[in-house]
Each structure stands twice: as structure tokens, then as C-alpha cells.
Amino acid sequence: MQRPNTKSYFLKTFGCQMNVYDSERMTEALARDGYAATDDIASADLVILNTCHIREKAAEKVYSDLGRIRDMKDARKRDGKETVIAVAGCVAQAEGREITTRQPAVDLVIGPQSYHRLPELIERTANTREHIVETEFPGDEKFERMKAPRRVSSPSAFLTVQEGCDKFCTFCVVPYTRGAEFSRSLAKLEAEARELIAAGAKELVLLGQNVNAYHGEGPGGRTIGLAELIRRLADIEGIERIRYTTSHPRDMDADLIAAHTEVPQLMPFLHLPVQSGSDRMLTAMNRKHRAEEYLDLIGRLRSARPDLALSSDFIVGFPGETDQDAEDTLSLIRAVGFAQAFSFKYSPRPGTPASTHEDQVPEEVKSERLQRLQALLDDQQADFNAQALGTIVPVLFERRGRQPGEFVGRTPYLQLVHVAAEGDLVGSTANVAVTDVRRVSLSGVIAAA
Ligand code: SAM
Ligand code: SF4
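The structure contained in this document is the topic of the report that follows. (Residues numbered from 1 in each chain as written. Chains lettered and ligands numbered in written order. Predicted model: local features only at pLDDT ≥ 70, side-chain atom pairs only at ≥ 80, totals over all residues. Heavy atoms only, no water.)

### Brief notes about the site of ligand 1
Looking at ligand 1, there are 17 residues lining it, with Phe-171, Gln-209, Gln-275, Asp-313 and Ser-347 nearest. Contact distances for ligand 1 include 3.0 Å between a nitrogen atom and a backbone N or O atom of Phe-171. Surface burial for ligand 1 is 90%, taken as the share of its 570 Å² of free accessible area covered by protein chains. For the shell around ligand 1, the secondary-structure elements that each account for two or more residues are strand E15 (309-316) and strand E16 (340-345). Among the residues forming the shell around ligand 1, the class breakdown is six nonpolar, six polar and five charged. (Near = heavy atom within 4 Å. Polar contact = N/O pair within 3.5 Å; in protein donor to acceptor, adjacent residues only side chain to side chain. Areas by Shrake-Rupley, 256 points an atom, 1.4 Å probe, with all protein chains shown as cover. Helix = DSSP H or I, 4+ residues; strand = E, 2+ residues; numbered from the N terminus. Nonpolar A, V, L, I, M, F, W, Y, C, P; charged D, E, K, R; others polar.)

Here's what the structure looks like:
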């Protein structure tokens, strides 16, 4: 088979951890096909943007990047070199051919369900110079068709166990860009987990747009849930830590709550987005849970695992949100006490029901509400981190820091920890005495054994 002449590639990832996982898989497939990664976008034969469509800003950033990449492509052409530009991810899925119309320098548009065809499609567009748009939702498992061996770039490795979403929150594009819920089988996940551990992973982060809705094929063809998947993976030799994200409050069942008591490798941290503390807003968002139910769930989780650290996503300025609704969200935050959280201004997304509501909230009101909400969440994060001062915590070291001799790792509660030490700590877990605390990170020294 003739290979394309595009041999170095630059890949930029936008958005969520699932895109990071997909980018890793694309990287492996490209390496198997003889491509080498480069950090220098201007010299790359192939540029891939793995895009995010969740908010308008994220999607528009792609087009501004594409303008700059087109200029680089033109400059290379003047030197007699060809460049293939590929747009992958959720913007590709949502906008399809519109991307090549808006930016004709783009050669390939490829949706998340077609990544197993990436090398073949790059070769085709490189040979024919035709625009290719591939955004089908084939029913088979793309990951199994991407046969390249798993590699790990960090001791904390992502493992996608579930994709897509059937919840249809009225603000969200995911059900349209990622399609219906689909869970991978236990056998395939165990095999991939073993590969990741053999390649050096110590922690597995199980990923899914709705990860706790996981319902994969288990032993004897029986369907298993996320709790059983976690128990099975915890039995694999060498797995020190397990996390999962992102969960929906509706799918947090008793078995999964019990796993937080029973599985020692399951870390005491949970990202459980509530979005709003107002029942009126939760109904309008089609979230399928009320504020009181969320608080009750948090109570049950904390009974199962008293030191559980919690995180959430919040949307402010959803259409029709009043000052009282915004106040209700602040009350919920005060009632829970979050260790960290993400918060966003509502961004109307084309094709979603909420985008056509008439009672959109003015931008300055959104900004003011976001500021108040973030100030409260920042205080809570600072308080949570302050509790670590003077304690000794087990830290899994993930990478070297910026300073010579510095290492960066995470506590069980996902706090970043900076430590200066001799030798190489990456991949090891060590007890750290926390000596200094900032809002978003801790620092300390290796505790005497
Ligand atoms: N499945 C997860 C859940 O139900 O919480 C979240 C998935 S989504 C990729 C991540 C976060 O983006 C959401 O929790 C929400 O807070 C935010 N988000 C989604 N659509 C948004 C929109 N139109 N405007 C602002 N934020 C949005
Ligand atoms: Fe989007 Fe999450 Fe709602 Fe699904 S559950 S529609 S991914 S916000």
C-alpha cells in the first residue's frame, strides 16, 4: 500500500477528557502508520484539531485557529510542501460539510465515531486532494477497530467505558454530537485496562459522557453496571487507583454508592454535576432530578464514604433564570460544600431546545451571577484545601514540575501537590506531609517512612 507523504503531525485537543482519550487513540493509530508527532505546527505535514462544541466560544476558537493554519498551509505550499488539515471531534460531527464551506483549506472532517478510519481517510485526501466529510454513526466499536497498542503518557490513564447520552438536557449538544448511549463490554475493558497497567498506568480514570449509566456486557452475556465494572477492574493486579467521570445524579445507584465503601482503590472524589439549585431551572433543563434529591444523594454518598470530596458543573443564566433561582443555586452550594467545581455562563447551542427560548438572560446579568457563584466556590475550594495543611496524604506522582527536582502528583481527593525530591518519583505513590496550601494546589515534603 502506498503511504501518504504526510509524515509529521500536530494534534491539538479541545474540550473534555473524552477528547483527550480519543486524541491518545488517534496518536497511537498514527504512530503505527509511521507518523511522528511534532510541537511545531508550522512544519507539520498533517494538522488535526480535535474539537469541542459544548459552548459557542469553544467552537468559534476552532475557526480562528483554522484561519491561522490556512496561512501556514499557504506558506508551505509556496515552498512546494503539502499540508493536510483535519477537523475531528464534536464540531466536525455537528457542522460537517459547513466546515469546509467556511474554511475551504480543511481537507478532512471526521466525527468521533469514525476515528478507526483516520489513517485511511488521510491517505485518501492526501492522494486525491478531495474534501472528505465522514460523520456517520456506524454501529460498531471504533476502539476495537483501532488496533494500535495502548501507550501511556501518564501514570493516570483514561479509559473510555461508555459514550453518548440519552438524557437530552435542553442546553446540551452531546446527545446530537456523540449519539445514543453505548457501553463497551467488560471483556474488552479488562483487556485494555491490562494493557494500560502493563504500559505503566497506576490509576485508571473511567470515562463516559454519562459514565454511571454504564451497562455493558458482562460474564455470561449478563448486563453489568458501573459498580460491578469497578469491582472487576479493581481485581486486576497493579491497579492502585480508580476514578470515574462524568456522572449524572439520576444514575447514582445503591450499588455504586456501596462501591465507595467497599472498593479500596476507588478514590474518595466524585464529580457529580447538579447544574442549578433551583427546581424551576432543573425542570426547564430536563435534568430529571430536583435540588432536594441531589442533597439527599449527597447525604447517602457521605454516609458511605464520609471523606468524599465533591465537585460539580454549574450553568448560570439559563433562559428564564431569576435572581431567586440564582440565589437557590448559591444555597445548594452552601449546603453541599464543594472541593472544586466548574461553572459556565449558559451558551445557546444551535439545535438544542433551550436555544430558542425567548427569555434569554442578558450577558451582564450572567457575568454578575457567575462572579458571585465562582467567588463562593473559590472560598469553598480554599477551605477544603486548607484542611490538608499539616496532614500526611498519599500522593501518586504524575509528572515532573517546572522547577528542577520538582514533581507533581495528586491526593486521593484530586488535589494537585508539588514536592521537591531527589531521584524520579513519576509513577510512584508516596506519603507527603503538606506544608503549604494555596487555593488550587498544595505543596509538601516526602514524609519519613
Ligand atoms: N454529562 C455531564 C452531566 O450531565 O453533567 C456533563 C457533560 S458536558 C460535556 C460538561 C458540562 O458542560 C455540563 O455539565 C454543563 O455544565 C456544561 N454545558 C453543557 N452545555 C452547555 C451550554 N449550552 N452552556 C453552558 N454550559 C454547558
Ligand atoms: Fe449533556 Fe450530560 Fe445532559 Fe447528557 S446528561 S445531555 S451529556 S449535560
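### Observations concerning the pairing of strand E1 (residues 8-13)
Relative to strand E2 (residues 36-37), E1 runs parallel, the two being bridged by two bridges. For Tyr-9, the partnering residue across the bridge sits in E2 and is Ala-37. Each parallel crossover has a hand, and for E1 linked through helix H1 (residues 17-32) to E2 it is right-handed. Of the strand pairs in this sheet, E1 and strand E3 (residues 46-51) are connected by five bridges, and their pairing is parallel. Paired with Thr-13 across the two strands is Asn-50, which belongs to E3. (Pairing = 2+ DSSP bridges. Right-handed = clockwise from strand over helix to strand, strands pointing away.)

### Section: the packing of helix H9 (residues 226-234) against helix H10 (residues 254-262)
Two elements in contact, H9 and H10, have axes separated by 8 Å at closest approach and are oriented at 30°. Between H9 and H10, the angle falls in the class roughly parallel. Together, Leu-226, Ala-227, Glu-228, Ile-230 and Arg-231 of H9 and Asp-255, Leu-256, Ala-258, Ala-259 and Glu-262 of H10 make up the contact between the two elements. Considering only residue class, the contact of H9 with H10 consists of six nonpolar, no polar and four charged. (Axes fitted to C-alpha atoms, helices over the stretch in contact; angles between N-to-C directions. Parallel < 35°, antiparallel > 145°, perpendicular 65-115°, else oblique. Contact = heavy atoms within 4.5 Å.)

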